[in-house]
Amino acid sequence: MHLSLTSPQTICLFYAVVLLSTAVLGAFKDPKVPTCCHKKPAESVRGHIVNCTYVRGRGKCHEAYVLTTKNNRKHCISVHSKWMISKLEQLKNQSKPCEGAPKESNWRK
């Protein structure tokens, strides 16, 4: 028994592998999470936090934590904020660690 793939089958298989690979590697992350905080980050935020993401500072972007609240609002919070340092520990204890956050030793600069 000899198996061979026709050209359309090969193309279909190729695209299926590419799609699966990008999904597994995280290419379809939430596009709503900003990758840049243009304004000076705040020191704290009110509201129930459902997600936390660390964004690096580069160029005109500030280094900050992006917190998403229950009403789906995004807030940039300073990495040097005392409030944020305690909030990171609280989120970690609630099994909601901040994605991409630097190690604890880097929290206090």
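Residues numbered from 1 in each chain as written. Predicted model: local features only at pLDDT ≥ 70, side-chain atom pairs only at ≥ 80, totals over all residues. Heavy atoms only, no water.

S.K.: I'd like to hear about the nonpolar core, residue by residue, with values.
M.R.: Counting twelve residues, the largest nonpolar core is built from Val45, Ile49, Cys52, Tyr54, Tyr65, Leu67, Ile77, Val79, Met84, Leu88, Leu91 and Cys98. Contributions of two or more residues to this core are made by β1 (49–55), β2 (64–69) and α2 (82–93). (Core = buried A, V, L, I, M, F, W, Y, C linked by side-chain atoms within 4.5 Å. Buried < 20%, exposed > 50% of the residue type's maximum accessible area, 1.4 Å probe, protein only. Helix = DSSP H or I, 4+ residues; strand = E, 2+ residues; numbered from the N terminus.)

S.K.: Describe unusual backbone geometry, naming the residues involved and giving the relevant values.
M.R.: Phi angles above zero are rare outside glycine, and asparagine 72 is one such case at about 70°. One can find asparagine 72 in the loop between β2 and β3 (74–78). Of the residues examined, asparagine 72 reaches a relative accessible area of 46% and is grouped as partly exposed. Unlike most non-glycine residues, serine 95 shows phi in positive territory, near 60°. Position of serine 95 relative to the elements: it lies in the segment after α2.

S.K.: Describe the pairing of β3, listing the residues and the values that go with them.
M.R.: The pairing of β2 with β3 spans five bridges and is antiparallel. From the neighbouring strand, leucine 67 faces β3, where its bridge partner is histidine 75. Between the end of β2 and the start of β3, which pair antiparallel, lie four residues, with asparagine 72 showing a positive phi angle near 70°. (Pairing = 2+ DSSP bridges.)

S.K.: So what about the state of the cysteines? Which residues, and what values?
M.R.: One pass over the structure, following the stated rule, counts three disulfides. In this model cysteine 37 forms its disulfide with cysteine 76; the gap between the sulfur atoms is 2.0 Å. Here cysteine 37 and cysteine 76 share a disulfide; its torsion about the S-S bond, -80°, makes the bridge left-handed. Within this pair, whereas cysteine 37 is found in the loop between α1 (7–24) and β1, its partner cysteine 76 is found in strand β3, the two being separated by 39 residues in sequence. (Disulfide = S-S within 2.5 Å.)

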